Amino acid sequence: MLEQVTDVYFVPGMAASTSIFEYIKLPEKEFRVHTIAWKIPSKGEDIASYAKRMCEEIKHDNAVLIGVSFGGVMVQEMSKHISLKKLIIISSVKNKHELPRRMKVTRKTKSYKLAPTSIVSKIENWERFAFGDFAKKRAAMYQRYLSVRNKEYLDWAIENMVCWDQEETIDGIVHIHGDKDIVFPETNINEYINVSGGTHIMIVNRARWFSENLPTIIKGIYNK
């Protein structure tokens, strides 16, 4: 009997294109990989309604849903509307209590409304003004992967990240997190698979780790 192929859907981080997953390779005999790109939110659209629209992109039953950073928040919201085989988040948070203090302060003061999101449209200029080889490489990477530059989307995404109101962790969720993540520091995170040396962008620069370990994590037999 042929082994059933598992459909795996990936949602990228805030403003990121689906190309952040380009170096993750899963065994084709066992997994079919799909990606879900960000949509432009409707005026006044809440996160639940947006998540339902994202669910329209899932064409297979009993799929695995994986989200990175704000994409991790989104897949949790999506999981409230569909049945899944497994829910996995990477470099993200499982409830509002895992958000770092600075985000909680930003929420309380509503200073996130002052974020200069229109500046992202000028991202093509970052590389020109970056100093040093490392800075230029980082600027080039941002230019390549941060493709969603619509101000309405960015304003919406920042507000829904900072103001995410989930109290309880979803049962059965798998959380993969790097111990060098400065966006969501590990000191605030509970019950996760640790990636030693992993940063907030480890989905890109540690793609080999994910290629090697996601199959066993999806199957529930990861043991490291």
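Throughout what follows, the structure given in this document is the object of discussion.

1. Here's the deal with the pattern of salt bridges
Following the criterion strictly, the structure yields 10 salt bridges and no others. Across the pair glutamate 77 and lysine 80 runs a salt bridge whose closest N-O atoms are separated by 3.0 Å. Looking at glutamate 77, the relative accessible area reads 7%, which means it is buried. Residue lysine 80 is classed as partly exposed on the basis of its relative accessible area, which comes to 47%. Measuring nitrogen to oxygen at the nearest pair gives 2.9 Å for the salt bridge that ties glutamate 98 to lysine 94. With a relative accessible area of 2%, glutamate 98 lands in the buried category.

2. Here we look at helix α8 (residues 207-219)
Over its 13 residues, α8 extends 19 Å from the first C-alpha to the last, a length consistent with the 18 Å expected when each residue adds 1.5 Å. Taken as a whole, α8 carries its principal kink of about 45° at asparagine 213; the proline proline 215 stands between one and four residues after it. Among the residues of α8, those classed as buried are Ala207, Trp209, Phe210, Ser211, Asn213, Leu214, Pro215, Ile217 and Ile218. Backbone geometry just downstream of α8 places glycine 220 in the positive-phi region, at approximately 80°.

3. Brief notes about unusual backbone geometry
Most peptide bonds are trans, and most residues other than glycine sit at a negative phi. Phi at asparagine 62 is positive, roughly 55°, even though this residue is not glycine. Among the secondary structure elements, asparagine 62 is positioned in the loop between α1 (47-55) and β3 (63-68). For glutamate 191, which is not a glycine, the phi torsion comes out positive at approximately 50°. Among the secondary structure elements, glutamate 191 is positioned in the loop between β5 (174-178) and β6 (193-195).

Rules used in this analysis
- Residues numbered from 1 in each chain as written.
- Predicted model: local features only at pLDDT ≥ 70, side-chain atom pairs only at ≥ 80, totals over all residues.
- Heavy atoms only, no water.
- Salt bridge = Lys/Arg side-chain N within 4 Å of Asp/Glu carboxyl O.
- Buried < 20%, exposed > 50% of the residue type's maximum accessible area, 1.4 Å probe, protein only.
- Helix = DSSP H or I, 4+ residues; strand = E, 2+ residues; numbered from the N terminus.
- Expected span 1.5 Å × (residues − 1).
- Bend = angle between axes of the 7 residues up to and from the residue.

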